[in-house]
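So the chains spell out like this:
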Amino acid sequence: NEADIGSNNFELTNFADNSSETRLEQDIFSLRASYDLSPAWTLEGRLSYTDLLTEIPNTNVNFDLAQDFQNTQAEFLARYEGSGFVRRGVIGIAYENQEEYGLNDTLGAPLGFRFEAEGEVENRSVFGEIEVALASNFFGFAGGRYEEQDINRSVDLNFFGTISAA
């Protein structure tokens, strides 16, 4: 039985232009745990979260960008390892949610432009795989995965007060 917890924070500023306040910030958190039910069966769980923020303000009057990306993933598995006809196997479920937001707002500049985009992707799946011993040195594999995905995106563009949405 084991558990791992991890965290990683990263921040970088002024990497594109010394006259701007460019900033890249990334936070990652993760958790992994496993539990042995028996000599043949193990349960595993993984959870992770990532947040990535990029800001590039005022590099010139027509560019003022901010982007934020957040991702959450979870996966739960039951693993089997034996010595009979079925040698190995895994069955599991997985979930992922990803949210994005981007903005470039320079409506007050000579080139009046505003771009705003946001979206969300959600993914769910169930999967499994087995390995069987057909002979002493000959193995067969079978597996499958069922997955559903929802994608929602919106984009708003504004040129000198004229709004377009997609």
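1. Topic: the overall build of the chain
And step 1. On a plain count of helices and strands, the chain comes out with 0 helices and 8 strands.
And step 2. Reading the chain from its N terminus to its C terminus gives the helix and strand order β-β-β-β-β-β-β-β.
And step 3. Considering only contacts within the chain whose residues lie at least 6 apart along the sequence, 52% involve residues at least 24 apart.
And step 4. As displayed, the chain has an accessible area near 10800 Å², and 55% of this comes from carbon and sulfur atoms.

2. Examining a nonpolar patch on the surface
And step 1. There is a patch of nonpolar side chains on the surface, built from F85, V86, I130, L134 and F138 and spanning about 480 Å² of accessible area.
And step 2. The topology assignment puts F138 in strand β7 (residues 138-159).

3. Here's the deal with the environment of G128
And step 1. Within the fold, G128 resides in strand β6 (residues 113-135).
And step 2. Overall, the relative accessible area of 24% leaves G128 in the partly exposed class.
And step 3. Apart from the residues within four sequence positions on either side, G128 is in contact with V90, I91, A142, G143 and G144.

4. Structural notes on the side chain of Q98
And step 1. In this fold, Q98 is placed in strand β5 (residues 86-105).
And step 2. Reaching out from Q98, the side chain makes a polar contact with the side chain of E100 at a distance of 2.6 Å.
And step 3. Not counting chain neighbours up to four residues away, the residues in contact with Q98 comprise F69, Q70, N71, G119, E120 and V121.

5. Re the pattern of salt bridges
And step 1. Scanning the model with the defined rule gives 10 salt bridges in all.
And step 2. Across the salt bridge formed by R88 and E131, the nearest N and O atoms sit 3.1 Å from each other. With R88 in strand β5 and E131 in strand β6, this residue pair connects regions lying 43 residues apart in the sequence.
And step 3. Relative accessible area serves as the criterion here: at 10%, E131 is assigned to the buried category.
And step 4. R145 is the partner of E147 in a salt bridge, and the nearest nitrogen-oxygen pair spans 2.8 Å.
And step 5. Residue classification places E147 among the partly exposed residues on the basis of a relative accessible area of 40%.
And step 6. One network of salt bridges, in which partners are shared, links E44, R46, E75 and R79.

6. Things to note about the side chain of N71
And step 1. Considering the arrangement of structural elements, one finds N71 in strand β4 (residues 63-81).
And step 2. The class for N71 is buried, based on a relative accessible area of 7%.
And step 3. Here Q98 takes part through its side chain, which lies 3.4 Å from a polar atom of the side chain of N71.
And step 4. Non-local contacts of N71, meaning those with residues more than four positions away in its chain, are made with S48, Y49, T50, E96, N97 and Q98.

Criteria and cut-off values
Residues numbered from 1 in each chain as written. Predicted model: local features only at pLDDT ≥ 70, side-chain atom pairs only at ≥ 80, totals over all residues. Heavy atoms only, no water. Helix = DSSP H or I, 4+ residues; strand = E, 2+ residues; numbered from the N terminus. Contact = heavy atoms within 4.5 Å. Areas by Shrake-Rupley, 256 points an atom, 1.4 Å probe, with all protein chains shown as cover. Patch = residues over 30% accessible without salt bridge, like charges linked within 9 Å, V, L, I, M, F, W, Y side chains within 5 Å. Salt bridge = Lys/Arg side-chain N within 4 Å of Asp/Glu carboxyl O. Buried < 20%, exposed > 50% of the residue type's maximum accessible area, 1.4 Å probe, protein only. Polar contact = N/O pair within 3.5 Å; in protein donor to acceptor, adjacent residues only side chain to side chain.

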